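Listed below are the residues making up each chain.
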Amino acid sequence: MSSGNGTRSRARRRWLIGLSTLLVLLGGGVVTVVLVVRAHQKVTVPAALIPLIDAAAKTCPALSPSLIAGQLYAESRFRAGAVSSAGAQGIAQFTPETWAEWGVDGDGSGAKNVFDPADAIPAQAKYDCWLARQVASVPGDATDNMLAAYNAGPGRVTQYQGLPPYPETRAYVSKVDKYAAQFRHLDGPVGSPAG
């Protein structure tokens, strides 16, 4: 279904570009305004992840279901088997070193598997809560500081007394905030239509 939406979006863009070109040619080659329309895609959280996200959000007061979902989407687009070019793995994109320290056996299988959302999501929550405590005294938005610490490390957030000046970290925080806003409906009471 998403590939069909992508095909329709590309076709719509080609049509708009063609129309714009025609208007430019008919208008004597003078362009006053060019608009590029991009279809808004609604991102949904896979149903199987919602109970894991709800449970993880209860790990500490710094977390909410929308924040965890936003972080997971920013990290991996909810793909359990994701592997980055830097070697980060799984839905929460743990480096092997960080997973060795923070990985949990969330499903009670007897193994800590970074590629299993039932293990990785509670591990992410546990790590997020620790990071939130590490940067709690840093001025600024506590959630943004925690996210920056997830991306750049708590030492950098403390060193810079807030968001480090790294474009990658600032973009990461902004991206997670944006995605979390899209998932606010998850923050409703568990068992309600929103949760």
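Position numbers for residues start from 1 in each chain and track the written sequence from start to end. Only residues with pLDDT of at least 70 get local features here, since the model is predicted, and only at 80 or more are side-chain atom pairs given and counted; chain-wide, interface and lining totals rely on the full set of residues. Remark: hydrogens and water are excluded; side-chain values derive from all non-hydrogen atoms of the structure.

On to the overall build of the protein. A run of H or I in DSSP counts as a helix once it spans at least four residues, and a run of E counts as a strand once it spans at least two, with each numbered from the N terminus. The number of helices and strands found in the protein is 8 helices and 0 strands. Listed N to C, the secondary structure of the protein is α-α-α-α-α-α-α-α in terms of helices and strands. Each of the 195 residues in the protein was classed as buried or not, and the buried ones make up 37%. Counted over contacts in the protein with a minimum sequence separation of 6, partners at least 24 positions apart contribute 48%. Surface accessibility follows the Shrake-Rupley procedure with a 1.4 Å probe radius. Residue values consider only the protein chains on display as shielding. As presented, the protein carries roughly 11000 Å² of accessible surface, and 58% of it is formed by carbon and sulfur atoms. Exposure categories follow from relative accessible area, calculated using a 1.4 Å probe and restricted to protein chains: below 20% of the type maximum is buried, above 50% is exposed, and the middle band is partly exposed. Two residues form a contact once any of their heavy atoms are found within 4.5 Å.

On to the packing of aromatic side chains, then. When we look at a pair of aromatic rings, we describe it by the centre distance and by the angle of the planes. Under the pairing criterion, centres of Phe, Tyr and Trp rings, with the six-membered ring standing for Trp, must be within 6.5 Å; the plane angle then separates stacked pairs below 30 degrees from edge-to-face pairs above 60, leaving the rest tilted. Applying the stated criterion across every chain, the model contains 11 aromatic pairs. Ring centres 6.3 Å apart and planes at 50 degrees place the aromatic pair Phe94 and Tyr127 in the tilted group. Of this pair, Phe94 sits in the loop between α3 (65-76) and α4 (96-102) while Tyr127 sits in helix α5 (residues 117-134), placing them 33 residues apart in sequence. Each member of the pair Phe94 and Tyr127 is classed as buried. Ring plane angle 55 degrees and centroid distance 5.5 Å describe the contact between Tyr127 and Tyr150, whose orientation is recorded as tilted. Of this pair, Tyr127 sits in helix α5 while Tyr150 sits in helix α6 (residues 142-152), and the two are 23 residues apart along the sequence. One exposure class covers both Tyr127 and Tyr150, and it is buried.

This part is about the side chain of Gln71. Mapped onto the fold, Gln71 is located in helix α3. Within the local environment of Gln71, its side chain forms a polar contact with the side chain of Tyr172, the two groups lying 3.3 Å apart. The residues touching Gln71, leaving out its near neighbours within four places in the chain, are Gln124, Asp128, Leu147, Tyr150, Tyr172 and Val176. N or O atoms within 3.5 Å of each other form a polar contact, as long as, within protein, one can give a hydrogen and the other can take it, and as long as residues adjacent in sequence are counted only when both atoms are side-chain atoms.

The next thing to look at is the nonpolar core. Generally speaking, nonpolar side chains in soluble globular proteins are found buried as a group. By nonpolar core we mean a set of buried residues, namely Ala, Val, Leu, Ile, Met, Phe, Trp, Tyr and Cys, connected to one another through side-chain atoms within 4.5 Å. Counting residues in each nonpolar core, the largest one holds 44 residues, and the members touching the most others are Ile68, Phe78, Phe94 and Phe183. At the level of secondary structure, the elements contributing two or more residues to this core comprise α2 (50-57), α3, α4, α5, α6 and α8 (167-182). Leave out the neighbours within four places in its chain, and Phe183 touches Val43, Val45, Ser66, Ala69, Gly70, Tyr73 and Phe78.

Moving on, we come to the environment of Ala180. Position of Ala180 among the secondary structure elements: in helix α8. For Ala180, a relative accessible area of 3% puts it in the buried group. Between the alpha carbons of Ala180 and Tyr73 there is a distance of 8.9 Å; along the sequence they are 107 residues apart. Residues in contact with Ala180, not counting those within four places in the same chain, are Ser66, Leu67 and Gly70.

With that settled, consider the confidence of the model for the protein. pLDDT expresses, on a scale from 0 to 100, how confident the predictor is about each individual residue. Overall, the prediction assigns the protein a mean pLDDT of 84, with 75% of residues at 70 or greater. Overall, residues 18-40 carries pLDDT values under 50, and its contacts beyond four positions in sequence, including any with other chains, amount to 7 contacts. Note that pLDDT drops below 50 for residues 191-195; the model gives that stretch 9 contacts with residues more than four away or on any other chain.

Attention now moves to the packing of α2 against α3. Axis definition: a line fit to C-alpha positions, over the contact stretch in the case of helices; interaxial angles, taken between N-to-C directions, run 0 to 180 degrees. Their axes nearest at 8 Å, the elements α2 and α3 cross at an angle of 120 degrees. Between α2 and α3, the angle is such that the two are oblique. Crossing of α2 over α3 shows right-handed handedness. Residue-level contacts link Ile53, Asp54, Ala56 and Ala57 of α2 to Pro65, Ile68, Ala69 and Leu72 of α3. Geometric relationships in this document are graded by angle, where less than 35 degrees denotes roughly parallel, more than 145 denotes roughly antiparallel, 65 to 115 denotes roughly perpendicular, and other angles denote oblique. Definitions for this section: a left-handed crossing has its near helix turned counterclockwise from the far helix by less than a right angle. A right-handed crossing has that turn clockwise.

Below, the discussion takes up α8. One fewer than the residue count of a helix, multiplied by 1.5 Å, yields its expected span. In a regular helix each residue adds 1.5 Å, so 16 residues correspond to 22 Å; α8 covers 23 Å between its end C-alpha atoms and thus fits that length. For α8, the secondary structure elements touched by its buried residues are α3 and α6.

Moving on: unusual backbone geometry. A positive phi is found at Arg77, a non-glycine position, where the angle reads about 60 degrees. Structurally, the position occupied by Arg77 is in the loop between α3 and α4. One non-glycine residue, Phe78, adopts positive backbone phi at about 65 degrees. Looking at the element boundaries, Phe78 is found in the loop between α3 and α4.

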